[in-house]
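Coordinate analysis (summary)
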Amino acid sequence: MKLKKKNGFFITFEGPDGGGKSTHIKLLAEFLKKKGYSVVLTREPGGTALGEDIRDVLLDPRIKNLSLWSELFLYLSCRSQILEEVIKPALRSQKIVLCDRFTDATVAYQGFGRKIDIDLIKNLNGLLVGEFKPDLTVLIDIEPETGLERSCVRGGKVDRIEKEKIAFHRRVRNGYLDLSKKESKRFLVVAGGDSLEKNKAIIQKGVLKRIKDVLG
Ligand code: TMP
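I will try to describe carefully the structure that is included in this document. As the structure is a prediction and not an experimental result, all values here were calculated from the model.

**Let's talk about the site of the ligand**
If you check the shell around the ligand, you find 14 residues, and the closest are Asp17, Tyr75, Arg101, Thr106 and Gln110. Arg79 has a polar side-chain atom sitting 3.3 Å from an oxygen atom of the ligand. Surface burial for the ligand is 94%, taken as the share of its 470 Å² of free accessible area covered by protein chains. For the shell around the ligand, the secondary structure elements donating two or more residues are α2 (49–59), α3 (68–92) and α4 (103–113). With 4 residues, α4 is the largest single contributor of residues to the shell around the ligand. Of the residues that constitute the shell around the ligand, the class distribution is 6 nonpolar, 2 polar and 6 charged.

Shown next as structure tokens:
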């Protein structure tokens, strides 16, 4: 099913590591597909051939000397590529695009986490995306201690970012909460510590409402 609106509908999922956003974004994609929508599910960093290669570098825990600016510009390179190759074409075809992380992640991780000037990051994001913003951002909030423990329990390798000190992850979380307060209309904040079923229902309801509000 194509949307009536000209430009599709863009939903991003954000949050500290280990909150379960990758699980929830997949569940939402299935839910929306069952409702008959055309859905594109993608992720940052990644989502394109180039982006996935860059992702491997960015998350490789063996790489210990990636400079601040290399890291920032690699994330932005992925964004530029995914925008042109995946996101914009899908939205032009009136699809619902679900993206696991986007511009807010750079503000939270490189801005709040790495302490790069927030306005600089916003300007660089702006250079890539202009005024374009997600129609809805689902923030799965979780205390870093709980999130990182969960990531370990899930058996995944601890990646380069997850290996950062707890103080870094606390700044990231506060950054996300700050963003969600400043743009409370765009954000749907979900408590990642709550049950999967409860959060699944909250996300489904919130997304359908927002689609209705924006698209009528
Ligand atoms: P994830 O896809 O498993 O969430 O892993 C991506 C990691 O990259 C996560 O720790 C957040 C981080 N990240 C940034 O630091 N800056 C960014 O701009 C993006 C998109 C992700």
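**Comments concerning the sheet that holds strand β4 (residues 136–141)**
With respect to topology, 5 strands assemble into an open sheet ordered β2-β3-β1-β4-β5, the strand pairing being parallel. Strand pairing shows two members of the sheet lacking a second neighbour, β2 (39–43) and β5 (187–191), which therefore form its edges. Across the sheet, the axes of successive neighbouring strands diverge by a mean angle of 20°, strand direction being ignored. Alignment of strand β1 (residues 9–14) against β4, held across 4 bridges, turns out to be parallel. Note that in β4 the partner of Thr12 across the bridge is Thr137. Packing against the sheet, helix α7 (residues 166–182) makes contact with β1, β4 and β5, and its axis sits at approximately 140° to β4.

**Points about the packing of aromatic side chains**
A full pass over the atoms with the stated rule returns 5 aromatic pairs. Between Phe10 and Phe102 the ring centres are 5.0 Å apart and the planes differ by 90°, which places this aromatic pair in the edge-to-face class. Residue Phe10 is found in strand β1, and its partner Phe102 is found in the loop between β3 (96–100) and α4; the two are separated by 92 residues along the sequence. The pair formed by Phe10 and Phe102 is uniform in burial state, with each residue classed as buried.

Parameters at a glance
In this numbering scheme, every chain counts its residues from 1 along its sequence in written order. Side-chain atom pairs in this predicted model are given and counted only at pLDDT of 80 or more, local residue features only at pLDDT of at least 70, and totals for whole chains, interfaces and linings cover all residues. Side-chain measures here rest on the full set of heavy atoms in the structure, leaving out hydrogens and waters. Residues are classed as near a molecule or strand on a simple rule: at least one heavy atom within 4 Å of it. Whenever two N or O atoms come within 3.5 Å, that pair is a polar contact, provided that in protein one can donate a hydrogen and the other can accept it, and provided that, for residues adjacent in sequence, both atoms are side-chain atoms. Accessible areas in this description were obtained via Shrake-Rupley with a 1.4 Å probe; residue shielding takes into account the shown protein chains only. Each helix is a run of DSSP H or I of at least 4 residues and each strand a run of E of at least 2, with the numbering of both proceeding from the N terminus. When residue character is reported, Ala, Val, Leu, Ile, Met, Phe, Trp, Tyr, Cys and Pro are called nonpolar, Asp, Glu, Lys and Arg charged, and the others, Gly included, polar. Each pair of strands is called paired provided DSSP finds at least two bridges between the two strands. A fitted line through C-alpha atoms serves as each axis, taken over the contacting stretch for helices, and the angle formed by two N-to-C directions is quoted from 0 to 180°. Only heavy atoms enter the contact rule, under which two residues are in contact if any of them lie within 4.5 Å. Here a pair means two rings of Phe, Tyr or Trp (six-membered ring of Trp) with centres within 6.5 Å. Their orientation is stacked below 30 degrees between planes, edge-to-face above 60, and tilted elsewhere. When accessible area is computed with a 1.4 Å probe and restricted to protein chains, residues below 20% of their type maximum are described as buried, those above 50% as exposed, and intermediate ones as partly exposed.

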